[in-house]
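# Residue-level structure breakdown
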Amino acid sequence: MIFCKVCGYGPISEEVNVCPVCGTSIVEKAFSGTRTLSIMSLASGTLLQNGKYRIEDVIIQGGFSFTYSAVQTMLDVKVAIKELFALGATRQGSVVIFDSDSSESIGEFLNEGRILARLNHPGIVKVLDFFEENNTAYLVMEFLEGESLSLLLNRVGKIPENEALNYIKQVAQALKVVHDAGLLHQDVKPDNLVLTKEGRIVIVDFGSARQFIAEKTGNYDRIVTPGFAPLEQYGQRVRRGPYTDVYSLCANFYTLIKGFPPPPAPDRLQTLKELDLAGISPKIGRIISKGLEVNVNNRIRSMDELLAMIDEVEGKTFAVDKTISKEMLQREEGINFDDRKLSTGNEGIAYQKEIPDIDILEIESQEDPKVLFEIGLKYLLGFNVTRNFDIAFKCFREASEKGNADAMYHLGLMYLHGQGTYQDDKMAFKYFKEASEKGNADAMYRLGWMYEYGRGTYQDDKMAFKYFKEASEKGNADAMYHLGLMYLHGQGTYQDDKMAFKYFKEASEKGNADAMYRLGWMYEYGRGTSQDYKMAKYWYEKSKDLGNIDSKNKLESFLPEISSKKNKGNFIGKIFKNIFG
């Protein structure tokens, strides 16, 4: 077996000349045999948490941790367990001995668990439990049947463009969720991306994730994987943003297609050599070269921009059909439409009749703020016109200056997502606040969300709770769902399973798929209500029908196991509560 001497990655096939993780020449920098640290891992069969978990094998060895395959013994369910094992640490038996005070390391490790717990996306690994033992800390996560992209590259050499495009698109969609939560990943590389047997790409390591403030210089740890880290990650007092992860993701794109990483960013700056795009089609090469710009001002700025470029490659356009369903319109950020503006034709298709096409020059002279808002909405959605964010932004701004609360809310959304204007969390917060003061429930929900994640304002769970509660009282289902989460975790309020159940139920009845999943979860584990597997299955199925991936996974794995053990009474339910609750 061969392992890279620079980053420690392995095993690497002897036919591969370059480390797929850091780009180091294998001939010059590799060594054969078992890595020294591997003897420091927990032995197979080791029990943790008084026998709750049994270690099987090491599946990933990073610079600061081991990740094991393990079994939750009472349920015979496979899980992954990540153990903090910093550089310089040793082990006596099962106990880890750090070469310095471990409290800071354990705190950062716990932060990774918290980050994972609050991010809900099929492309982000799910955390199930956290505990301290053996003088260190452990994260229990879902076990993913599959292999990392680095192992895939090691096995096949390189990947066809269309397949690579699919993988990169999945990761971009997951990273968009990370960025929307005010976080940067900062270490996107093939070793941290797992391809499951179902074809799902999952980000599995958030040890380097940190909060960022848009367009502000801050103090950051120097986190560098050569070839994948942009130039700004080589400094500490620097400005970082979503474009930092864009560079890393496009470096992965390059690596998948070429079979090796691009040169490290400092080398590219010194040599000024063009990227080697030989063998890459022009349409894909355009994405990669723009995403790998050393100068951040020339680089793709966000995952939204990257996804738009991918959509273009896939042949998608922003133009939409002249007919559009009312349900589709209402899904666009929870927009409420006046039914009098909609006329239902055959098969439930609704189309708008009363708003005529208006020349752009007439917008400034339009006095009615409601008409201005409706024109802006038309261009935002591409309804009977070519979708145009710039025109939508102009209409919303004019309407908001005339006091229209719906326009203020949508102006906040456009600043939040950088659509039709620059991305600015503070401006988004400003307009959400103005709209909420005028009674707009959607803006109240967004304001709560911004307080929850510290976007455009300071992080404040109590203020988040306040606005979620106000929005829920006005019937906002997303706010009800978030209230349920806050009661469930005791975040911004006292911990109360019954109140969590109440709000999940109200949100579910309004069609919120995430709340339906949580309601099924509450019934499954008897949290806030009596344990009822039939009701759990009912809500999981309703949630799955609306596209919730968590419910789909539950119905395929956990629920059948639970159903087969019904005759064991509430004992198993209590165990589940201890593990996942």
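An unreviewed UniProt entry lists the protein chain under the name TPR repeat-containing protein, from Thermodesulfobium acidiphilum.

With antiparallel pairing, the six strands of this open sheet are ordered in space as S3-S4-S5-S6-S10-S9. Two strands close off the open sheet at either side, each with one partner strand: strand S3 (47-48) and strand S9 (127-133). Sheet topology places S3 next to strand S4 (residues 53-61); two bridges connect them, and they run antiparallel. Looking across to S4, one finds that leucine 47 is bridged to arginine 54.

Our next topic: the pairing of strand S10 (residues 136-142). For a regular strand, side chains alternate in direction, first toward one face of the sheet and then toward the other. With seven of its seven residues buried, S10 lies for the most part within the structure. For strand S6 (residues 77-84) and S10, the ladder comprises five bridges, and the chain directions are antiparallel. Bridge assignment links glutamate 83 to a residue of S10, and that residue is tyrosine 138. Here six bridges tie S9 to S10, and the two strands are oriented antiparallel to one another. Looking at the pairing, aspartate 129 lines up with valine 140 of S10. Linking two consecutive strands that pair antiparallel, namely S9 and S10, is a turn of two residues; a positive phi of about 55 degrees is found at asparagine 134 within it.

The hairpin turn running from S3 into S4, its antiparallel successor, is four residues long, and glutamine 49 in that turn takes a positive phi close to 55 degrees. Of the strand pairs in this sheet, S4 and strand S5 (residues 65-72) are connected by seven bridges, and their pairing is antiparallel. Looking at the pairing, glutamine 61 lines up with phenylalanine 66 of S5.

Bringing the side chain of threonine 421 into the picture now. Looking at the secondary structure, you find threonine 421 in the loop between helix H12 (405-417) and helix H13 (425-437). Take threonine 421: its relative accessible area is 19%, and that puts it in the buried class. Not counting the four nearest positions on each side in its chain, threonine 421 is found in contact with Phe393, Met414 and Tyr415.

Here we take up the pattern of salt bridges. Throughout the structure, instances matching the rule amount to 21 salt bridges. Put simply, arginine 155 and glutamate 147 hold a salt bridge, and the shortest N to O gap is 2.3 Å. You can call arginine 155 exposed: its relative accessible area is 56%. With its nearest N and O atoms 3.0 Å apart, the salt bridge here joins lysine 466 to glutamate 470. Here lysine 466 and its partner glutamate 470 are both found in helix H15 (residues 461-473), four residues apart, which amounts to about one turn of the helix.

Strand order in this open sheet of three strands is S11-S13-S14, and the pairing throughout is antiparallel. Each end of this open sheet is capped by a strand with a single partner; those strands are strand S11 (146-148) and strand S14 (201-203). Strand-to-strand twist in this sheet, taken as the mean axis angle between neighbours without regard to direction, amounts to 30 degrees. Of the strand pairs in this sheet, S11 and strand S13 (residues 193-196) are connected by three bridges, and their pairing is antiparallel. By the bridge assignment, glutamate 147 is partnered in S13 with leucine 195. The strands touched by helix H3 (residues 149-156) are S11, S13 and S14; relative to S11, the strand with the most contacts, the crossing angle is about 90 degrees.

Conventions adopted
- Residues numbered from 1 in each chain as written.
- Predicted model: local features only at pLDDT ≥ 70, side-chain atom pairs only at ≥ 80, totals over all residues.
- Heavy atoms only, no water.
- Pairing = 2+ DSSP bridges.
- Helix = DSSP H or I, 4+ residues; strand = E, 2+ residues; numbered from the N terminus.
- Buried < 20%, exposed > 50% of the residue type's maximum accessible area, 1.4 Å probe, protein only.
- Contact = heavy atoms within 4.5 Å.
- Salt bridge = Lys/Arg side-chain N within 4 Å of Asp/Glu carboxyl O.
- Axes fitted to C-alpha atoms, helices over the stretch in contact; angles between N-to-C directions.

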